[in-house]
Protein chains: 2
Amino acid sequence: MPLDTPKDPAIAAKAELDQQNFALANCIRALTIDAVNAANSGHPGAPMGMADAATVLFRNHLKFDAKNPDWPDRDRFVLSNGHGSMLLYSLLHLTGYEDMTLEQVKNFRQWGAITAGHPEYGHAKGVETTTGPLGQGIATAVGMALAERALAGEFGSDLVDHNTYVMLGDGCLQEGIGQEAISLAGHLGLGKLIALYDDNSITIDGPTSISFSEDVPARLAACGWHVQTCDGHDAKALDKAIAAAKAETGKPSLIAMKTIIGFGSPNRAGTYSVHGAPLGKDEAALTKEALGWTAEPFQIPDDLAAEWRAIGTRGSEAREAWEARLAASPRGEALTQRLSGNLPEGYDAAVAAACDALFADPKKAATRKASQMALEALTPAVPAMIGGSADLTGSNLTRVKAVDSQYTKDAPGRYIGYGVREFGMAAAMNGINLHGGFIAYGGTFLVFSDYARNAIRLSALMGVGTIYVMTHDSIGLGEDGPTHQPIEHLASLRAIPGLTVLRPADTVETLEAWDIAIRNRNVPSLLALSRQDVPQLRLEAGSENLTAKGAYVIRQFGESRDVTLIATGTEVAIAVQAAEALHADGMSVAVVSMPSWELFDAQPEAYRAEILGSAPRIAVEAAGKFGWTRYVASEDDVIGMTGFGASAPIDRLYSEFGITADAIAARAKKLTDR
Amino acid sequence: MPLDTPKDPAIAAKAELDQQNFALANCIRALTIDAVNAANSGHPGAPMGMADAATVLFRNHLKFDAKNPDWPDRDRFVLSNGHGSMLLYSLLHLTGYEDMTLEQVKNFRQWGAITAGHPEYGHAKGVETTTGPLGQGIATAVGMALAERALAGEFGSDLVDHNTYVMLGDGCLQEGIGQEAISLAGHLGLGKLIALYDDNSITIDGPTSISFSEDVPARLAACGWHVQTCDGHDAKALDKAIAAAKAETGKPSLIAMKTIIGFGSPNRAGTYSVHGAPLGKDEAALTKEALGWTAEPFQIPDDLAAEWRAIGTRGSEAREAWEARLAASPRGEALTQRLSGNLPEGYDAAVAAACDALFADPKKAATRKASQMALEALTPAVPAMIGGSADLTGSNLTRVKAVDSQYTKDAPGRYIGYGVREFGMAAAMNGINLHGGFIAYGGTFLVFSDYARNAIRLSALMGVGTIYVMTHDSIGLGEDGPTHQPIEHLASLRAIPGLTVLRPADTVETLEAWDIAIRNRNVPSLLALSRQDVPQLRLEAGSENLTAKGAYVIRQFGESRDVTLIATGTEVAIAVQAAEALHADGMSVAVVSMPSWELFDAQPEAYRAEILGSAPRIAVEAAGKFGWTRYVASEDDVIGMTGFGASAPIDRLYSEFGITADAIAARAKKLTDR
């Protein structure tokens, strides 16, 4: 090795435990120092502290093949403390991921580079999920591990058998979602989930002791985890601990690694000053000296580079063997189909049949019930679908015959009791979808989308087709009152870029919404569904999915248009009533059902102009008015809510809050001077 | 007693443990059964299961005086599993809270009643906080306990010495925020927080074993709690456990009570069917028979009613003694002033002086820095202010000299390291403010308002003046990338009814925003603050708080108006640049700074019309465009973001995303056909 002996005796002592691992880890540390310095921005401390453990993991354990990053049976690696992104980028570069060139590393945190400040899914290969918002990495990893077990249960462990590794820091363990994930993983006995905890005693504000003093190993043991502690700079101890974690297959494993943040930095190691700021030129030089690192910036000595590249190809044999097994297996073709993400043959027919059935025998039903009917009709044709609820199964109506098998510690199933853990559920669903082989959907009340919100955002940011089933979507929830009645939620969700919000009006639109959601594998969908019954408004048979247009004229009264009523969900029926009354009074009225703003806005301008028309417009939605001025002239033209709801029976609420056909008609007359 | 012996031998055995407590508890069970049946809606199971424990608590321990519900030194009681609201309403009615009449109990869940489906703060006296969204009750209670210790530290335990009791269920323990609260309470050693866990093994979907199998006592012990377990129907055991919890003053206490949900119901006790549905007439009759309850619906036998009313006055002596101590204490007047919620003398002068200083010596500064300057200036005049951050102190700049004392296990202080626990922080701040004596503010990044969102909503729903300091409020955050750059957040927060969102443009507006927030004790405020520097735009001295008008003309170029540029926060300076360029090209331009939509919309119509003007309008904000059509004709007239951000240095981001003076000027010219 062209490396000096570390100048610092404490570092030298650690190095001696495994010289080669130490030297390989220094490659990560050096790249981190250089990239963060070049960007003059970033978080060097965590990568420097976790480098030894990451080296052990990639060198001895992680099953991967850098030249085939999408190999389905690879182990998953999630860096939950995503601010340590240079750890991951260094590993990808060193092991030979083709897109992770030295140029990309040098352009860390620059416009257009795949080396964003936090790992972004879809930018670089080997980034299994976007991380940075703390706690979500571990929760997403729980979903991956959950999916692995379900897929293995279905296709056999000869074809599906990989671990999910997560590195996480104090922040992930402080965030509530971290606990939700930990609790769920322990409950489900996800034995192939292995978490390495970077226990460095430092947080952004200073020592963790400012805010964090619990016994983490004891907490996780209480949650059913297999727990070990070890020195995070002792390669041999780490290797043993990871091996033991792999051997424990009935419980998820935590390895609490005592580490020194910014390991190697003479003046900053072990302090919060190395957490989120570059070392700077001088300290970088001192650090490299202390580590015995003599190479130029961004240069990796040839022998170490070669060894890292060998690590990157270590899994190629396993991959080839897997491919051979896949080719030879009677289940191979089916698995390949599943992993392709394409919908199976028979799906289109199932949609058509379900649609025909509704036209043949129209149903009055709550849209949450319509959702269950759609699921009953479609899930038999889509074995990839895996459902669940955050402890509101009977309310969300997410459980149907084809997904009736409960996922338990003893065996995987197609229905997951996520518990009262909305955020954990949402992130886990992202993980299931990212893993491949499944389409995850899960339910809660729309108001509790708040709890899950940042995971919904990450679905959209990543482009992952998670399906959120959000019932009890308005004051129509009734007696549970304002804490449970969504008001601002539709607007808040519509404001998220890249999320398709669907609020269907009846059984037909609900079926169509499900069809859209199931097909949308790269866009998350959120279905806002009612507690209360609505009539089936769509009665004319037709094969076109009108919901996919976002909005369409569902009723036309009279020849021309004096006014256009735009409504969504349960309020479409009320708008139709109002239109009937107005028409009886001699007005021509078009009622536009607008189940999805996003889908409507994506239509050609001519279509949008035709639907919106040039007559005065009124919007009707039992929710806050915020945002509706996109389609109407003023919020005065929105029949909706101006404040929070109240606890009372539904009819009283609609009447007291003035969301009635009378109120719509009165506004229409005022607007048209009648 | 006019009660029969319970028909059910298992019930009779429990009853024999303490006949009187059992009989008193049956009053709660009977009222619950009757009210839920009358509403034909509600959750009878939890109140029936917790009735024995609640009776022990109110009868023997809780320090309160029903006729003086606002007595500041009362113990606080929080029902974190708020769906069990009939437990609380029964207790309030039975102990003689004047507003909780039998009529109100009979009108449970009806329009206009104070007996909402979930306990709503401000509806009924004795409801210390709104609960229902699970996990938030315990987190809010942590804030109350934290405030109690801080206030006692300041004014002495002769004047401030009360416990905070929380009842909570499995849901509160599954929600991540529950763990955040538990971890924080353990860390801070909140010894006067006592939680009673309704361990009934039942959740909405069925047995908790579907989704929850951890060792809760072990988890809480790992988090530094004092933990006991006991039979939740054994009054004597409960009494001992509560006494022991009170005796332990260095740690928060958990009493895990093994209970039977729907206790007394022959066919539904111990099952999920009693969780959220009325018993119905037949099962109600069977249950009353099983319990030995012979009174008519809604009737309480006289002797039991009298005993309950005596319980309600049990604390009156303690209250009188406290009032005497307060009157006699040299700190009494100061405490009374603090508890009044009025700002101290000297506050107005501090604001004026800070303002004068800015006009005398204008500063270019990030608005987060301006926020720190405002805090430095104002907090010495407001000893009620208690600050903190979710582990981003150095970024949020929430710590200043006057609040520099760290709140630790050993001693309360004015600065709280909430840890990486945004949701827990927000709920705790609500609790601090609800407790009285303090104005709580706390910081995180604006993007992580997502994590705290439902607690922000509860601040607004309750009308509690929590102050959210949300920095790094746009793509101006730069290199950390899209996970850390808020896009939809301003819109999402503006959509919440009753929340004042403030995005100040410079040092002066930031000071004004703080003044508004500090004065707003019944409305939550959220300050969106920049990472990057902005020039001071307000240079003309004047005593009027222009930010309080929500929007105003900050610059006028030319005599008339060809176009109006409306901007917020850091984009006001860019709009001014654009206006200068347009003016140089011969146009008349007004630049409107709009720090708060809510405050602007509350202005008289004439003022709004004057500010908005009749010329074409362009809005400028480095955020999603959603909602801006309230003020401009179309989202095409918004210079803002259409998707997520990116990781790069700030200047590059503003330029790539087209949020520039050039882009504004180009749009203005297009809009005015130049």
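Residues numbered from 1 in each chain as written. Chains lettered and ligands numbered in written order. Predicted model: local features only at pLDDT ≥ 70, side-chain atom pairs only at ≥ 80, totals over all residues. Heavy atoms only, no water.

Some words on the overall build of chain A
This is how it is decided: Every helix listed is a DSSP run of H or I at least four residues long, and every strand listed is a run of E at least two residues long, numbered separately from the N terminus. Radius of gyration here is computed from C-alpha atoms only, and the compact-globule reference equals 2.2 Å multiplied by the residue count raised to the power 0.38. Only protein chains enter the accessibility calculation, which uses a 1.4 Å probe; a residue whose area is less than 20% of its type maximum is buried, one above 50% is exposed, and one in between is partly exposed. The contact criterion used throughout is that any non-hydrogen atoms of two residues lie within 4.5 Å. The Shrake-Rupley method, run with a 1.4 Å probe sphere, supplies the accessible areas, and residue values consider only the shown protein chains as cover. Here the positive residues are Lys and Arg and the negative ones are Asp and Glu; neither His nor the chain ends is included. To locate a charge, take atom NZ for lysine, CZ for arginine, CG for aspartate or CD for glutamate.
Summing up its helical and strand segments, chain A has 26 helices and 20 strands in all. A globule of 674 residues ought to have a C-alpha radius of gyration of about 26 Å, and chain A, at 28 Å, matches this closely. Along the first, second and third principal axes, the C-alpha set of chain A runs to 95 × 55 × 45 Å. Here chain A, with 674 residues, has 68% of them falling under the buried criterion. The long-range share in chain A, meaning contacts at least 24 apart out of those at least 6 apart in sequence, stands at 78%. Total accessible area on chain A stands at roughly 20,300 Å², and carbon and sulfur atoms take up 50% of it. Taking the average place of the 57 positive charges on the side chains of chain A and the average place of its 80 negative ones, the gap between the two points comes to 1 Å.

Here we look at the sheet that holds strand β17 (residues 563-567) of chain B
Pairing between sheet strands relies on hydrogen bonds along the backbone, with the strands arranged either parallel or antiparallel. All names here are of chain B. Quick note on the threshold: When DSSP finds two or more bridges between two strands, those strands count as paired. Helix axes use the C-alpha atoms of the stretch in contact, all axes being lines fitted to C-alpha atoms, and the angles between their N-to-C directions lie in the range 0 to 180 degrees.
The sheet built from five strands is open, its strands ordered β16-β18-β17-β19-β20 with mixed pairing. At either margin of the open sheet sits one strand with a lone partner, and together these are β16 (552-557) and β20 (638-641). If you compare each strand with its neighbour and ignore which way they point, the axes differ by 20 degrees on average. Direction of pairing for β17 relative to strand β19 (residues 617-624): parallel, over a ladder of four bridges. Across the sheet, residue L565 finds its bridge partner in β19, namely I618.

Description of the sheet that holds strand β7 (residues 253-258) of chain A
All names here are of chain A. With parallel pairing, the five strands of this open sheet are ordered in space as β1-β2-β3-β7-β6. The two strands at the open ends of the sheet, each matched to only one other strand, are β1 (76-79) and β6 (226-231). Averaged over all pairs of adjacent strands, the angle between strand axes in this sheet comes to 15 degrees, irrespective of strand direction. Here strand β3 (residues 193-199) pairs with β7 via six bridges, running parallel. Bridge assignment links D199 to a residue of β7, and that residue is K258. The sheet contacts of helix α3 (residues 45-61) involve β1, β2 (164-168), β3 and β7, and relative to β2 the element is tilted by about 165 degrees. Docked against the sheet, helix α10 (residues 235-247) engages β2, β3, β6 and β7, running at close to 170 degrees with respect to β6.

What about the confidence of the model for chain A?
Put simply, the rule is: As a per-residue measure, pLDDT reflects the predictor's confidence and takes values from 0 up to 100.
For chain A, mean pLDDT is 97; residues scoring 70 or higher make up 100% of the total. Two summary scores accompany this predicted model of the complex, namely pTM at 0.98 and ipTM at 0.98.

Some words on the interface of chain A and chain B
It is common to give the size of an interface as the accessible area that goes away when the parts come together. Just so we agree on the cut-off: Accessible area that two parts lose when put together, with a 1.4 Å probe and added across both, is what the buried area reports. For this document, the term salt bridge refers to a Lys or Arg side-chain nitrogen within 4 Å of an Asp or Glu carboxyl oxygen. Each polar contact in these results corresponds to two N or O atoms within 3.5 Å; when the atoms are within protein, one needs to be able to donate a hydrogen and the other to accept it, and residues that are neighboring in sequence are counted only if both atoms are side-chain atoms. Note on residue categories: nonpolar means Ala, Val, Leu, Ile, Met, Phe, Trp, Tyr, Cys or Pro, charged means Asp, Glu, Lys or Arg, and polar means any other residue, Gly included.
With 94 residues of chain A in contact, the opposing surface of chain B contributes 95 residues. Taken as a group, W111, R457 and F626 of chain A account for 12% of the area that chain A buries against chain B, more than any other trio of residues on that side. Counting every contact that joins chain A to chain B gives eight salt bridges. Here D450 of chain B makes a salt bridge to R453 of chain A, at a shortest N to O gap of 3.2 Å. For the interface between chain A and chain B, the tally reads 62 residue pairs in polar contact (both at pLDDT 80 or more). Sorting the residues of the side of chain A that touches chain B by element identifies α7 (170-174), α8 (176-188), α9 (216-222), α17 (393-396), α18 (422-435), α19 (449-462), α20 (489-494) and α25 (650-656) of chain A as the ones contributing at least two each. Top element by residues in the side of chain A that touches chain B is α19 of chain A. It accounts for eight residues. Its residues assigned to classes, the side of chain A that touches chain B shows 37 nonpolar, 35 polar and 22 charged.

Here we look at the packing of helix α22 (residues 571-584) of chain B against helix α26 (residues 661-671) of chain B
Residues and elements named next belong to chain B. Quick note on the threshold: Roughly parallel covers angles under 35 degrees, roughly antiparallel covers those over 145, roughly perpendicular covers 65 to 115, and oblique covers all other angles. Handedness of a crossing follows from how the near helix is turned relative to the far one, being left-handed for an anticlockwise turn of less than a right angle and right-handed for a clockwise one.
Axis separation between α22 and α26 bottoms out at 8 Å; the angle between their running directions is 50 degrees. The pairing of α22 with α26 is recorded here as oblique in orientation. In the crossing of α22 with α26, the sense of the turn from one axis to the other is right-handed. Of the residues in α26, those touching α22 at I574, A575, Q577, A578 and L582 are A661, I664, A665, A668 and K669. Its residues placed into classes, the contact of α22 with α26 shows eight nonpolar, one polar and one charged.

Let's talk about the packing of helix α2 (residues 19-39) of chain B against helix α3 (residues 45-61) of chain B
Residue and element names in this part refer to chain B. Running from N to C, α2 and α3 cross one another at 130 degrees; their axes reach a closest spacing of 8 Å. By the criterion of interaxial angle, the relationship of α2 to α3 is oblique. Of the two elements, α2 crosses α3, and the hand of that crossing is right-handed. Together, Q20, N21, F22, L24, A25, I28, R29, T32 and I33 of α2 and P47, M48, A51, D52, T55, V56 and R59 of α3 make up the contact between the two elements. Taken together, the residues that form the contact of α2 with α3 break down as nine nonpolar, four polar and three charged.

A few points about the pattern of salt bridges
By the definition in use, this model includes 74 salt bridges over all chains. For K125 of chain B, the salt bridge identified is with D70 of chain B, shortest N-O distance 2.9 Å. Placement of K125 of chain B in the loop between α5 (102-106) and α6 (136-155) and of D70 of chain B in the loop between α3 and β1 (76-79) is noted, with a sequence separation of 55 residues between them. Among the charged side chains, a salt-bridge network with shared partners connects D65, R319, E320 and E323 of chain A.

Focus on the relation of the copies chain A and chain B
The condition that has to hold: Only residues with pLDDT of at least 70 in both copies contribute their C-alpha atoms to the least-squares superposition of the copies.
Superposition of chain A onto chain B requires a rotation of 180 degrees combined with a translation of 0.0 Å along the rotation axis, giving an RMSD of 0.0 Å. Those values place the two copies in the arrangement expected of a two-fold rotation axis. Residue G176 of chain A of chain A places its C-alpha closer to the rotation axis than any other residue of that unit, at 1.7 Å. In this assembly the copies share their binding face: 100% of the residues contributing to the interface of chain A also contribute to that of chain B.

Thoughts on the pairing of strand β9 (residues 385-389) of chain A
Residue and element names in this part refer to chain A. Summarising burial for β9: five of the five residues are buried, a large majority. Alternating positions in β9 separate into two faces, M385, G387 and S389 on one and I386 and G388 on the other, with burial throughout. With three bridges connecting them, β9 and strand β11 (residues 439-445) associate as parallel partners. Note that in β11 the partner of S389 across the bridge is G443. Pairing between β9 and strand β10 (residues 415-417): three bridges, direction parallel. Paired with S389 across the two strands is G417, which belongs to β10.

Re the environment of P133 of chain A
Looking at where P133 of chain A falls in the secondary structure, it is placed in the loop between α5 (102-106) and α6 (136-155). Distance from P133 of chain A to H83 of chain A, taken between C-alpha atoms, is 9.0 Å for residues 50 residues apart in sequence. Leave out the neighbours within four places in its chain, and P133 of chain A touches N454 and L458 of chain A together with F448, Y451, T483 and H484 of chain B.

What about helix α14 (residues 332-340) of chain B?
Residues and elements named next belong to chain B. Which entries qualify depends on this criterion: This arc corresponds to the set of directions leading from the helix axis out to the C-beta atoms.
Within α14, burial applies to G332, L335 and R338. Relative to the axis of α14, the buried residues are bounded by an arc of 125 degrees and lie together on one face. Of the surrounding elements, those touching the buried residues of α14 are α6 and α13 (316-328). Looking one or two residues beyond α14, the residue adopting positive phi is G341, at roughly 80 degrees.

Focus: the UniProt feature "domain: Transketolase-like pyrimidine-binding" (unreviewed entry) in chain A
We count it as follows: UniProt positions are given in the numbering used here, feature names are shortened, and annotations may be inferred rather than shown by experiment.
Under the feature "domain: Transketolase-like pyrimidine-binding" (unreviewed entry), the UniProt entry names residues 365-536 of chain A. End-to-end, the C-alpha atoms of residues 365-536 of chain A are 8 Å apart, and along that stretch the chain is 37% helix and 18% strand.

Examining the environment of D450 of chain A
Among the secondary structure elements, D450 of chain A is positioned in helix α19. When its relative accessible area of 2% is taken as the criterion, D450 of chain A is described as buried. When the C-alpha atoms of D450 of chain A and L493 of chain A are compared, they prove to be 9.5 Å apart, with 43 residues separating the residues in sequence. Not counting residues up to four positions away in its chain, the partners in contact with D450 of chain A are E488 and H489 of chain A together with D450, R453, N454 and R457 of chain B.

Notes on the nonpolar core
Rules: In these notes, a set of buried Ala, Val, Leu, Ile, Met, Phe, Trp, Tyr and Cys residues joined through side-chain atoms within 4.5 Å is what counts as a nonpolar core.
With 270 residues, the main nonpolar core has W225 and L565 of chain A together with W225 and L565 of chain B as its most contacted residues. Ignoring sequence-local partners within four residues, the contact set of L565 of chain B consists of A575, A578, A579, V589, A590, V591, V592, I618 and I664 of chain B.

Description of the packing of aromatic side chains
Residues and elements named next belong to chain A. Our working definition: Geometry of aromatic contacts follows a simple scheme: Phe, Tyr and Trp rings, the Trp one being its six-membered ring, pair when their centres are within 6.5 Å, and the pair is stacked under 30 degrees between planes, edge-to-face over 60, tilted otherwise. A positively charged side chain is recorded as over a ring if its NZ (Lys) or CZ (Arg) lies within 6 Å of the ring centre. The angle to the ring normal must also be within 35 degrees.
Scanning all chains against the criterion turns up 31 aromatic pairs over all chains. Between W597 and W628 the ring centres are 4.6 Å apart and the planes differ by 70 degrees, which places this aromatic pair in the edge-to-face class. Here W597 is found in helix α23 (residues 597-601), whereas its partner W628 is found in the loop between β19 (617-624) and β20 (638-641), with 31 residues between them in sequence. Judged by relative accessible area, W628 falls into the buried class, the value being 0%. The ring of Y607 carries K549 above its face, with NZ or CZ at 4.8 Å from the centroid.

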